[in-house]
Amino acid sequence: MELFMMTLITGILVGGIYALVALGWVLIYKCSGVLNLAMGELTLIGAYVTLTFYQMGLPFILAVLCTLLVGIILGFLTERVFLDKLIGEPILAVIMVTVGISFFLKGLVEFLWGTDTRVFTPPVFAIKPIEIGFLKVSPVYLWSFILAIILLIIFVAFFKYTRWGLSMQATADDETAALSLGVSARFVYAAAWAIAFMSAGVGGALLGNINGINISVGHLGLLVLPAVVLGGLNSVPGAIVGGIIIGVLQNFAGSYLDQYFPGGVKEIVPFVFMAAFLLFKPYGLWGWERIERV
Amino acid sequence: MSSVWLPCGDYHQDYTQDQGWWQTKVIKGKMLLLLAIIFVGIPLLAPEYWVGVATMVGYTAMGALGVQLLIGYAGLITLGHSAFIAVGAYTSTLLVLQFPWPGIISDWGLAYPVSIVVGAIVAGLWSVLFGLPSAKVKGFYLILTTMAAQFITVDFLLTQYVSQIGGRGQAFSLPPGTIKIGPWVIDSEVKIYYLMAVLLTLMVMVLANLLRSKVGRAWVAIRDNDIAAEALGINIVWYKLLAFFVAGFMGGIAGAFWVSNTAALSPEHFPWFWALWLVGVILIGGVGSIHGAIFGSIFMVVIMEILQLAVIPLSEYYPKLLVDFAYIKDMAFGLAICAFLIYEPNGLAYRWWQVKNYFNLWPFSY
């Protein structure tokens, strides 16, 4: 029973980070219709940028804030350089451009920082597990979850209560109507990418705290795809719930199924689950069903 | 319908002439020259390094043909093709090494060719397994299922289970002399190149003829508007699965060939990166034509070679460049894909077609 509860809690905590990254993905899809396969590499860049700021001596929170700034700049740049010219092109072209971006970013990260695993030294969070009732939770997970939730709340508040956020919602709902009301679609796309870079960046920094920073953080960032499939491609609450469920699923698979499969099954269980889920409910739990008209 | 520009006043007088592959003397001459270059010129005259480069072009083209079939002709976007290449490679290798061949087959050196065919069939069937979702999902969701196919096949099944067969572990090399076709042992660059040329020519012939037939027309109909195709009586599930099978079959042949190229095998030869590379090759060469697959392969391999040659003089000033060359390759690949998709969305085959038409129609530009 204790193993069950601990796995569940750890899964929820890690899932919070996945939810943050998934939020960025859903935002890009909702606002501009771009299916972004570069999410893994966005996570990677964010992780390394935070590491660089941290090693320059800034405290961790300040490093995260600087990563947010860098994320905004990178998001605007990416959207302006790569994606502006692809508005209206067929879907495969747009997806492959995001794949191209992902390769470029991956090569850039490997070139600038090398492929060794780095860790945050001195360690950001205490090593000793915190005891809550009968559970022991490692502070890394707990603080990552809290930070992820804070950022999620900030982003959702941004959508609901600021003018920019409302214009993003309007564009996501019906782009032509929003354009006719004077909303700048290019700004909305750029803002969507900026938020995606920010959320993925912070997600990467937090994941890097847990596992150490190297190229495999990019693979963890790819787990956002099962999360958004589960929650529905269009739905922001779906992305959050999907992220948490994928975190839980991954941890349960790790704890209970690892003994049957040599070499670990943790990385691919979300993808197997996604493949199976796509057969039954491809639009996810909250996604909008796409009605195809001929 | 003859898609060949005939000189004024020349007519075909019966159906077989009209449907021929090489309809005029000029085309016959051109194609025979091309075949001479491929089968005689390159292996005998080019330095050995470039024969190796040509083999790499051929291997990329073999993989790209399967992806071109799925994406360019059947409209099924696939990002998991390297899984099927891996299945073909592992099946063929394990058959060659583990299967108790009856004496007559191994004496006559038929073990490897038979294993190529069996490996291709297994890869085709495996591809159909992961193509089953295409009966229900389309577009982005199909991309996700094929991606899942890649991760499940290579990262999980091959690495954990298949590598246990025969106790060799996941990365192993084949003893020299195991790969033979008939009396010839495939061990030198030139022989590998000949194997590649034969296989690629056969694949292109089969694919081109398939695409001209009822099956190919059904695929194009599905690509353009699959609901309308179904309304016209085409069984889209059957044809989609057939597309997956043929693409997997070709991937299997490519994988079985890869074994002879490297005489070693490891799941790391078939990463997700390679599936994305193949899709990139298609997009750069031009979606929707066999020329596109081949031009794309030539372009990508040649660009990588040129990049390598360009880095060497620069690395005197920046020695880091040579060490990190793989990462520069990644960056160059990403930028190349983005640049082509933004500025040349129709790919190289479109430019080829434009130039060809210019010369065919000269002096009329219309």
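Described in the following lines is the structure provided in the data block. All figures in this text were calculated on a predicted structure; none of them were measured in a lab.

1. Description of the overall build of chain B
Helix and strand counts for chain B come out as 16 helices and 4 strands. Here the C-alpha radius of gyration of chain B, 22 Å, is about what a compact globule of 366 residues would show, namely 21 Å. Overall size of chain B, expressed as C-alpha extent along the three principal axes, is 65 × 55 × 45 Å. Residue burial in chain B is summarised as follows: out of 366 residues, 49% are buried. Of the roughly 17,400 Å² of accessible surface on chain B, 70% is carried by carbon and sulfur atoms. Each charge class in chain B can be summarised by its mean position, and for the 17 positive and 17 negative side chains these summaries are 8 Å apart.

2. Looking at the nonpolar core
Among soluble globular proteins, nonpolar side chains are generally buried collectively. Counting 190 residues, the largest nonpolar core has Trp-25, Met-168 and Leu-225 of chain A together with Phe-140, Met-147, Trp-219 and Phe-270 of chain B as the members making the most contacts within it. Apart from residues lying up to four places away in sequence, Met-168 of chain A is in contact with Leu-27, Cys-31, Phe-158, Phe-159, Val-188, Ala-191, Ala-192 and Ile-195 of chain A. Core analysis: the next-biggest nonpolar cluster, separate from the first, contains 5 residues, Val-265, Ile-268 and Val-269 of chain A together with Phe-156 of chain B among them.

3. Overview of the side chain of Gln-250 of chain A
As for its placement among the helices and strands, Gln-250 of chain A is situated in helix α11 (residues 236-257). When near neighbours in sequence (up to four residues on either side) are disregarded, Gln-250 of chain A contacts Tyr-18, Leu-223, Lys-266, Glu-267 and Pro-270 of chain A.

4. Description of the pattern of salt bridges
Within this structure, the stated rule accounts for 7 salt bridges over all chains. With a closest N to O distance of 3.4 Å, Arg-80 of chain A and Asp-84 of chain A form a salt bridge. One salt bridge in this structure joins Arg-351 of chain B and Glu-344 of chain B, with 2.9 Å as the shortest N-O distance.

5. A few points about the interface of chain B and chain A
It is common to give the size of an interface as the accessible area that goes away when the parts come together. Contacts between the two partners involve 45 residues from chain B, matched on the other side by 47 residues from chain A. On inspection of chain B and its partner chain A, the count reaches 0 salt bridges. The tally of links between chain B and chain A comes to 1 residue pair in polar contact (both at pLDDT 80 or more). The greatest single-element share of the side of chain B that touches chain A, amounting to 13 residues, is contributed by helix α7 (residues 140-161) of chain B.

Conventions adopted
Residues numbered from 1 in each chain as written. Chains lettered and ligands numbered in written order. Predicted model: local features only at pLDDT ≥ 70, side-chain atom pairs only at ≥ 80, totals over all residues. Heavy atoms only, no water. Helix = DSSP H or I, 4+ residues; strand = E, 2+ residues; numbered from the N terminus. Rg over C-alpha atoms; globule rule 2.2 N^0.38 Å. Buried < 20%, exposed > 50% of the residue type's maximum accessible area, 1.4 Å probe, protein only. Areas by Shrake-Rupley, 256 points an atom, 1.4 Å probe, with all protein chains shown as cover. Lys, Arg positive; Asp, Glu negative; His and termini not counted. Charge placed at Lys NZ, Arg CZ, Asp CG, Glu CD. Core = buried A, V, L, I, M, F, W, Y, C linked by side-chain atoms within 4.5 Å. Contact = heavy atoms within 4.5 Å. Salt bridge = Lys/Arg side-chain N within 4 Å of Asp/Glu carboxyl O. Polar contact = N/O pair within 3.5 Å; in protein donor to acceptor, adjacent residues only side chain to side chain.

Functional significance is not addressed by these values, which are geometric in nature.
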